[in-house]
Amino acid sequence: MGQDFLKLMMDILSQPAVLIALISFVGLMIQKKPASDVIKGTTKSFLGFIVIAAGAGILVSSLEPFGLMFQEAFNVNGVVPNNEAIVAMALSEYGSATALIMFFGMLANILIARFTSFKYIFLTGHHTLYMACMIAVILVVAGMEGFMLVFVGSLALGFIMAFFPALAQPFMRKIIGNDSVGFGHFSTLGYALSGAVGSVVGKNSRSTEKINFPKGLGFLRDSSVSIALTMTILYVIVALFAGSSYIESELSGGTQYLVFSVIQAVTFAAGVFIILAGVRLVLAEIVPAFKGISSKLVPNAKPALDCPIVFPYAPNAVLIGFFCSFLGGLVGMAILGAIGAVIILPGVVPHFFTGATAGVFGNATGGIRGATIGSFLNGLLITFLPVFLMPVLGDLGFANTTFSDSDFGAAGIVLGNAAKYFGAMGLSIMVIGIVALSVIWSLIRKNKNKDQSISA
């Protein structure tokens, strides 16, 4: 019975669409909206995230053959970082700990947002699940169990869920133009790096969305068309290197290999188009609904949403960011090979989602130069961090996959090495101390602001 309940809670909380719908429902009810508005807002929020998930699914299904074609074409082998794969392997052994850390971690996120300056409620459910899973693995490897495992793990997760959106917010403000929405996707270090680099290198660099195409190429201003054509060129080049026999026997089910490649490329563009439509639908509903939550439970809180939320603001940067991040992954792979380290292969799916987002962040602060250089550095970051993360994951560190995004790498390296050098007790003190200091710092700032307003 207990296991069934844990599974039910994990399935509900790890589904962004269900989580967003619940938040919308609660928010609208708190605001005492009419039943018709509650039903409409809840349904549209649910629908919007289902649309985003459908678009992401289409993207992933079209990118997977590209990754396999690339490995075949250039004969490379190594570890392919993939969050879904590593979590699927881990849940069989660490499922109960993951579920408990995830559930109580989300409660900790609300409390930390309430009592610290990090006013963000992290609503990307699947990333919450992945981070809970990684924390569970690291704490169990460190020797924790029972109450302390769940307590320390939940505190660490809740803090991470509030801290990383706060790190991204200055850049989100520039992208969106206001403070209504936070950013919730655990590759924030790469995005913040891209945004920071953009502000340094991007002086007088025009936005990716203002690229001047010759008159005859005006159709490329339509992002769907430019994405479809660019990806077609890329797929066809890789397909020519991979060869017809491999693609037709292993991937296309007998469909002529160039026809298959073109279809996958245009399917990719369709996925992006669907995601953009879903984002617009969600933003229209979740922000007004969330005001009810923030006004009653956590004053001034912002919903931290998944990375596609920024795609509509710079569709050209999405494509540029993907290419440059993937290039960074290739360069990183070559460096790792040259120094004899574990080779991290550039996973096409993580490089698309994190690279595209890094491109949007870099473009917001530094135009074309910010988007290209920032996303290239993101590609390097998500190539090198997994190398240092793998040793702290116990037996999972020897799997042929690992966590792909930068925040998993950074959080895992910090927690794992703290456990290694200071033991389980030292790690517990560190996590509790960080959260306590955040609360104390927030109270000091609050009192200071109150004193200033009185003296004014």
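Residues numbered from 1 in each chain as written. Predicted model: local features only at pLDDT ≥ 70, side-chain atom pairs only at ≥ 80, totals over all residues. Heavy atoms only, no water.

A.B. asks: Help me understand the pairing of strand 3 (residues 302-305) in this model?
C.D. replies: Side-chain direction in a regular strand flips from residue to residue, so the side chains alternate between the two faces of the sheet. Going residue by residue along strand 3, you find Lys302 and Ala304 tucked away on one face and Pro303 and Leu305 tucked away on the opposite face as well. Judged from the 3 bridges that link them, strand 1 (residues 120-122) and strand 3 form a sheet pairing that is parallel. Bridged to Phe122 within strand 3 is Ala304. Pairing geometry for strand 2 (residues 182-183) and strand 3, over 2 bridges, is parallel. The partner of Phe183 across the bridge, within strand 3, is Leu305. (Buried < 20%, exposed > 50% of the residue type's maximum accessible area, 1.4 Å probe, protein only. Helix = DSSP H or I, 4+ residues; strand = E, 2+ residues; numbered from the N terminus. Pairing = 2+ DSSP bridges.)

A.B. asks: Could you clarify how one ought to interpret the packing of helix 8 (residues 223-242) against helix 11 (residues 315-339) in this entry?
C.D. replies: Helix packing for two helices is described by the angle between their axes and how far apart those axes are. One can describe the packing of helix 8 onto helix 11 by two numbers: an axis separation of 9 Å at closest approach and a directional angle of 20°. The angle between the axes of helix 8 and helix 11 places the two elements in the roughly parallel class. The element helix 8 and its partner helix 11 pack so that their crossing is right-handed. In contact with Ser223, Ser226, Ile227, Thr230, Met231 and Leu234 of helix 8, helix 11 contributes Pro315, Asn316, Leu319, Phe322 and Phe323. Classifying every residue of the contact of helix 8 with helix 11 by side-chain character gives 7 nonpolar, 4 polar and no charged. (Axes fitted to C-alpha atoms, helices over the stretch in contact; angles between N-to-C directions. Parallel < 35°, antiparallel > 145°, perpendicular 65-115°, else oblique. Left-handed = near helix turned anticlockwise from the far one by under 90°. Contact = heavy atoms within 4.5 Å. Nonpolar A, V, L, I, M, F, W, Y, C, P; charged D, E, K, R; others polar.)

A.B. asks: How should I be thinking about the packing of helix 5 (residues 125-141) against helix 6 (residues 146-176) in this particular structure?
C.D. replies: Contact geometry of helix 5 with helix 6 gives a least axis separation of 10 Å together with a crossing angle of 140°. Judged by the inter-axis angle, helix 5 sits oblique to helix 6. Between helix 5 and helix 6 lies a crossing of right-handed hand. Note on element contacts: helix 6 touches helix 5 through Leu149, Val152, Gly153, Ala156, Leu157, Ile160 and Met161, opposite Thr128, Met131, Ala132, Ile135, Ala136, Leu139 and Val140. Here the contact of helix 5 with helix 6 is built from residues that sort into 12 nonpolar, 2 polar and no charged.

Taken by themselves, the reported measurements are silent on function.
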